[in-house]
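What follows is each chain in one-letter form.
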Amino acid sequence: MSPLHSGILLLSYFSTGIIMPVLSLLLLSRGCTMQTLPLMLGLYSLTALFLEVPSGVFADWRGRKPTCLLSVALVMAAFMLLLSAGSLPLVAAAMVLWGASRAFSSGSLDALIIDACLEEKGAERLAPITAQLTVLRSAGIALGALVGGLLPAVRGYALHLLLRLALLICEGLLCTLFLHEPPREGTRSRLCDQLSASAALLRGNRPFWALALCMAVLAGSQGVVDVYWQPAFQSMLSSRSGVWLGLLCVGSYLLLTVGGLASGRISFSSERSRWRGYFFLQSLLGLALLLLSRQFSPLRFAGAYLLFYTVLSVSNIQEQTLLNGLSDSSNRATVLSLASLACQLGNLALHAASGALVLPLGASGLWGLSGLLLLLVCGGSALLYRSGRRWSSSDTLL
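Residues numbered from 1 in each chain as written. Predicted model: local features only at pLDDT ≥ 70, side-chain atom pairs only at ≥ 80, totals over all residues. Heavy atoms only, no water.

**Student:** Describe the overall build of the protein, with residues and values.
**Tutor:** Within the protein one finds 14 helices and 0 strands. Moving toward the C terminus, one meets the helices and strands of the protein in the order α-α-α-α-α-α-α-α-α-α-α-α-α-α. The 398 residues of the protein split such that 51% are buried. Taking the intrachain contacts of the protein between residues at least 6 apart in sequence as the baseline, contacts between residues at least 24 apart amount to 85%. Of the roughly 17,400 Å² of accessible surface on the protein, a fraction of 68% belongs to carbon and sulfur atoms. (Helix = DSSP H or I, 4+ residues; strand = E, 2+ residues; numbered from the N terminus. Buried < 20%, exposed > 50% of the residue type's maximum accessible area, 1.4 Å probe, protein only. Contact = heavy atoms within 4.5 Å. Areas by Shrake-Rupley, 256 points an atom, 1.4 Å probe, with all protein chains shown as cover.)

The structure is reproduced here in structure tokens:
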């Protein structure tokens, strides 16, 4: 990946991280109440959910660069509304625009850069490119969140909004001036033709659905860990200091970054062996959740939590490499958007289930149940994959 591509991705994710530490506080300062706050966040999520697949089809049909620029324009409009908002209707309109931007951004910028790198360096570089994308995402969001947490809360977090807008302008200019979209074989001039081609690619594609099923359950399981680990860990500490919470959070981001770098160097003799490695890592993640559910001292809990994120960092790279290898350049954004939709649905489903089960089971019970579910789904997905496409040792990624 060229320094220019890396810089644009890092800027994009850094810009995303700026708002993360203060999002709820920002919305409360702009007209939300404690009662309407979850409704506004839900409006954002639902908009992104409904537009996820249409945005991917649009990116494959009209091009990734126009889709990426449309996403930047939508989020700029959302933040300009938030900057002037003082009432709930304006906040609601901003969250709809922000959710639409989230849908159009998922897959478009990544697919654009992956296609450019594959055109320049060949399909054998897919795994290292995927690793770099994951590392840049983790590092950019972490750095942005750090800066966002340090910025002063001036006039309803106006400084955060203005900085995000300035970074978005820079991102849009860099994409417009320097990003080149390589010609893609198989692109269609008519929307119905693009839809038919995308449906034909996915119809009966059991490896994709096996992967999407694992991704959905893993996303939901990780979401359950993210929701409950802080109160569970804090209850084990002798004091209520947030220092150890911060250190453990930073440690998980560091492991995602370091593990991503290391995983990009792992090579497999064939595509079949990569799938076997992926299912093995998913099984380890299920076992790591079971281990986490049985830890009741701070040190052991921290070790199990960091073990989970260590395995996750390696698994994420293999997952994204397989996902990008299941499509060609004419359908990559659609496939990435469908995978993102699967993750969101899995997250919503397990969050809803955890809300109903947390009182009788507790956080540790939820993690144990998630680990068992992940192991079962991993086994079922492996059988689904084996019953579908067969790979020979000479198969390439694309």
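**Student:** Tell me about the confidence of the model for the protein, and please be specific about residues and values.
**Tutor:** Averaged over the protein, the pLDDT score is 82; the fraction of residues at 70 or greater is 88%. The least confident element of the protein is helix H9 (residues 191–202), whose mean pLDDT is 61; the most confident is helix H12 (residues 271–292), at 93. With pLDDT under 50 throughout, residues 390–398 is counted as low confidence; its partners more than four residues away or in other chains account for 24 contacts. (pLDDT = per-residue confidence, 0-100.)

**Student:** Give me the packing of helix H3 (residues 37–62) against helix H4 (residues 64–84): which residues, what numbers.
**Tutor:** Think of two packed helices as two axes; the pair is described by the angle between the axes and how far apart they sit. Between H3 and H4, the least distance of the axes is 6 Å, while the angle of their chain directions is 135°. Of the possible angle classes, the one that applies to H3 and H4 is oblique. Taken together, the residues of H4 that come into contact with H3 (itself represented by Ser55, Phe58, Ala59, Asp60 and Arg62) are Arg64, Pro66, Thr67 and Leu70. Among the residues forming the contact of H3 with H4, the class breakdown is 4 nonpolar, 2 polar and 3 charged. (Axes fitted to C-alpha atoms, helices over the stretch in contact; angles between N-to-C directions. Parallel < 35°, antiparallel > 145°, perpendicular 65-115°, else oblique. Nonpolar A, V, L, I, M, F, W, Y, C, P; charged D, E, K, R; others polar.)

**Student:** Give me the lowdown on helix H6 (residues 108–121), citing residues and values where you can.
**Tutor:** The end-to-end C-alpha separation of H6 is 20 Å, in line with the 20 Å expected for 14 residues at 1.5 Å each. Among the 14 residues that make up H6, 11 are buried, leaving the element largely enclosed by the rest of the structure. Residues of H6 that are buried: Ser108, Leu109, Asp110, Ala111, Leu112, Ile113, Ile114, Asp115, Ala116, Cys117 and Leu118. (Expected span 1.5 Å × (residues − 1).)

**Student:** Can you break down the side chain of Lys65 residue by residue, with the values?
**Tutor:** As for its placement among the helices and strands, Lys65 is situated in helix H4. Side-chain polar atoms of Lys65 contact the backbone oxygen of Cys175, separated by 3.4 Å. Ignoring any residue separated from it by four or fewer positions in sequence, one finds Lys65 in contact with Leu112, Cys175, Thr176, Leu179 and Glu181. (Polar contact = N/O pair within 3.5 Å; in protein donor to acceptor, adjacent residues only side chain to side chain.)

**Student:** I'd like to hear about the nonpolar core, residue by residue, with values.
**Tutor:** Ranked by size, the top nonpolar core spans 32 residues in total, and within it Trp229, Phe301, Tyr305 and Trp367 carry the most contacts. For this core, the secondary-structure elements that each account for two or more residues are helix H10 (206–236), helix H11 (243–263), H12, helix H13 (298–325) and helix H14 (332–387). Looking at this core, the element that brings in the most residues is H10, giving 9 residues. Leaving out residues up to four positions away in the same chain, Phe301 has contacts with Trp229, Phe233, Met236, Leu292, Gln295 and Trp367. Judged by nonpolar contacts, the second largest core, of 26 residues, contains Ile19, Leu26, Ala78 and Ala92. (Core = buried A, V, L, I, M, F, W, Y, C linked by side-chain atoms within 4.5 Å.)

**Student:** I'd like to hear about the packing of H6 against H14, residue by residue, with values.
**Tutor:** Two numbers describe how H6 lies on H14: the axes approach to 10 Å, and their chain directions differ by 135°. As the angle between them shows, H6 and H14 are arranged oblique. Crossing geometry of H6 relative to H14 is assigned as right-handed. Two secondary-structure elements touch here, H6 through Ala111, Ile114, Asp115 and Leu118 and H14 through Arg332, Ala333 and Leu336. (Left-handed = near helix turned anticlockwise from the far one by under 90°.)

**Student:** Give a detailed account of the pattern of salt bridges, specifying residues and quantitative values.
**Tutor:** Counted by the stated rule, this structure contains 1 salt bridge. Arg102 is the salt-bridge partner of Glu52, the closest N and O atoms lying 3.8 Å from each other. Placement of Glu52 in helix H3 and of Arg102 in helix H5 (residues 88–105) is noted, with a sequence separation of 50 residues between them. Among the residues examined, Glu52 registers a relative accessible area of 0% and is labelled buried. (Salt bridge = Lys/Arg side-chain N within 4 Å of Asp/Glu carboxyl O.)

**Student:** Can you tell me about the side chain of Gln318, naming the residues and giving the values?
**Tutor:** Position of Gln318 relative to the elements: it lies in helix H13. Here Gln318 falls in the buried class, since its relative accessible area comes to 2%. Ignoring any residue separated from it by four or fewer positions in sequence, one finds Gln318 in contact with Ser263, Ile266, Phe268, Arg274, Tyr278 and Leu281.

**Student:** Residue-level account of the environment of Thr33, with values.
**Tutor:** Structurally, the position occupied by Thr33 is in the loop between helix H2 (23–29) and H3. Looking at Thr33, the relative accessible area reads 37%, which means it is partly exposed.

**Student:** If you had to explain a nonpolar patch on the surface to someone new, which residues and values would you point to?
**Tutor:** A cluster of nonpolar side chains, contributed by Leu4, Ile169, Leu173, Leu177 and Phe178, occupies part of the molecular surface with about 490 Å² of accessible area. Here the element with the most residues in the nonpolar patch is helix H8 (residues 158–178); it accounts for 4 residues. Checked against the element boundaries, Leu177 lands in helix H8. (Patch = residues over 30% accessible without salt bridge, like charges linked within 9 Å, V, L, I, M, F, W, Y side chains within 5 Å.)

**Student:** A description of the environment of Leu143 should follow, citing residues and the corresponding values.
**Tutor:** Structurally, Leu143 is set in helix H7 (residues 126–150). Taking relative accessible area as the criterion, Leu143 reaches 44% and is therefore assigned partly exposed.

**Student:** Describe the environment of Leu43, with residues and values.
**Tutor:** Take Leu43: it is sitting in helix H3. Judged by relative accessible area, which is 29%, Leu43 ranks as partly exposed. For Leu43 and Val96, which are 53 residues apart along the polypeptide, the C-alpha to C-alpha distance reads 6.4 Å. Ignoring any residue separated from it by four or fewer positions in sequence, one finds Leu43 in contact with Ala92 and Val96.

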